[in-house]
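Remarks on the overall topology
Next come the chains, spelled out residue by residue.
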Amino acid sequence: MSKIERVTSVKSELLDIFMSLKVAEHERRSRTAAQRNLRARRGIELHNEFKQLERHIADLAEDEKH
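This text gives an overview of the structure that appears in the document. Please read all numbers here as calculations on a predicted model, not as lab measurements.

Considering the pattern of salt bridges
Counted by the stated rule, this structure contains 4 salt bridges. The shortest N-O distance in the salt bridge between Glu45 and Arg42 comes to 3.1 Å. Of this pair, Glu45 and Arg42 both sit in helix H1 (residues 3–65), 3 residues apart, which is roughly one turn of the helix. By relative accessible area, which is 35% here, Glu45 ends up partly exposed. Classification of Arg42 as partly exposed rests on a relative accessible area of 37%. Here Glu54 ties to Lys51 by a salt bridge, and the two come within 3.8 Å at their closest N and O atoms. Pair noted here: Glu54 and Lys51 are both in helix H1, with a separation of 3 residues, about one helical turn. What makes Glu54 partly exposed here is its relative accessible area of 46%. Since its relative accessible area comes to 36%, Lys51 is described here as partly exposed.

What to know about the environment of His26
Relative to the assigned elements, His26 resides in helix H1. The sequence separation of His26 and Asp63 amounts to 37 residues, and the corresponding C-alpha distance is 55 Å.

What counts and what doesn't
Residues numbered from 1 in each chain as written. Predicted model: local features only at pLDDT ≥ 70, side-chain atom pairs only at ≥ 80, totals over all residues. Heavy atoms only, no water. Salt bridge = Lys/Arg side-chain N within 4 Å of Asp/Glu carboxyl O. Helix = DSSP H or I, 4+ residues; strand = E, 2+ residues; numbered from the N terminus. Buried < 20%, exposed > 50% of the residue type's maximum accessible area, 1.4 Å probe, protein only.

See below:
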């Protein structure tokens, strides 16, 4: 193997490693974003559920007054 071929081979391997790292980083960021979105969505759902429960409790209290 000539010196030029070895340099080309090393360059190719380094590029493959770099691309693998980029893919892994992208996957990690995507997972993190998905988890963050899921937590936010669940937080909104919980907020809405509590508000709905508060309304139901208020309605029950009103019904008991009448």
